[in-house]
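Single-letter residue listing:
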Amino acid sequence: VLSPQADELLSKSMLERLLGRQEYAKHRTGYDDRLVVRLVDSYRMHSMILNVPNRKFYDGELRASGPRDVTDALLEWKHLKREGKPVIFEGIAGRDLREGSS
C-alpha cells in the first residue's frame, strides 16, 4: 500500500481485521460459539500433513477423521522421496512478471 492514509485499512485483509476484534478472540473457555465456528475434522488430509497447520493455527484442535484407506492410500507410492511420508516438495524455477505499473 503506497498511500499512508490507506495503509491502516488496506495493509490487512478484511478477515484479519475482523478476527483481530476482541469478540472473536479465544478466551479461557474457548471461542464464543455464537460468533465462531471452527471446522476441525479433516476427512482427506493425512495426519502428518495436518500436523503443521494444526500446531500453527488451530491449537491442536484439528482431527484427521478420514478413513485410513483413503488418507494412507499413497504411503507406499514409489515416487515418494521418503517411504511412508506423504509429502513431496518440488522446486520450481520462474520469475515474477509485472505489466506496467500494476
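Structure: see above.
Residues numbered from 1 in each chain as written. Predicted model: local features only at pLDDT ≥ 70, side-chain atom pairs only at ≥ 80, totals over all residues. Heavy atoms only, no water.

Let's shift gears to the overall build of the protein chain. On a plain count of helices and strands, the protein chain comes out with four helices and two strands. When the helices and strands of the protein chain are placed in sequence order, the string is α-α-β-α-β-α. By the compact-globule yardstick of 13 Å for 102 residues, the protein chain is too spread out, its C-alpha radius of gyration being 20 Å. With respect to the principal axes defined by its C-alpha atoms, the protein chain has extents near 55 × 50 × 15 Å. (Helix = DSSP H or I, 4+ residues; strand = E, 2+ residues; numbered from the N terminus. Rg over C-alpha atoms; globule rule 2.2 N^0.38 Å.)

Another point: the side chain of Asn54. Tracing the backbone through its elements, the reader meets Asn54 in helix α3 (residues 47-57). One polar contact links the side chain of Asn54 to the main-chain amide nitrogen of Leu62, over a distance of 2.8 Å. When sequence neighbours within four positions are dropped, the list of residues in contact with Asn54 reads Asp59, Gly60, Glu61 and Leu62. (Polar contact = N/O pair within 3.5 Å; in protein donor to acceptor, adjacent residues only side chain to side chain. Contact = heavy atoms within 4.5 Å.)

This part is about unusual backbone geometry. One non-glycine residue, Asp59, lies in positive phi territory at about 50 degrees. Mapped onto the secondary structure, Asp59 falls in the loop between α3 and β2 (63-64). According to the relative accessible area criterion, Asp59 is exposed, its value standing at 51%. (Buried < 20%, exposed > 50% of the residue type's maximum accessible area, 1.4 Å probe, protein only.)

Attention now moves to the pattern of salt bridges. Under the criterion given, the structure shown has seven salt bridges. Between Arg21 and Glu23 there is a salt bridge, and its shortest N-O distance comes to 2.7 Å. The partner of Asp41 in a salt bridge is Arg63, with the nearest N and O atoms 2.7 Å apart. With a gap of 22 residues between them, Asp41 in strand β1 (residues 41-42) and Arg63 in strand β2 connect regions that are remote in the sequence. (Salt bridge = Lys/Arg side-chain N within 4 Å of Asp/Glu carboxyl O.)

A surface patch of nonpolar side chains, amounting to about 370 Å² of accessible area, comprises Met45, Ile49, Val87 and Phe89. You can see Val87 is positioned in the segment after α4 (68-71). (Patch = residues over 30% accessible without salt bridge, like charges linked within 9 Å, V, L, I, M, F, W, Y side chains within 5 Å. Areas by Shrake-Rupley, 256 points an atom, 1.4 Å probe, with all protein chains shown as cover.)

By themselves, these observations are geometric and do not establish any function.
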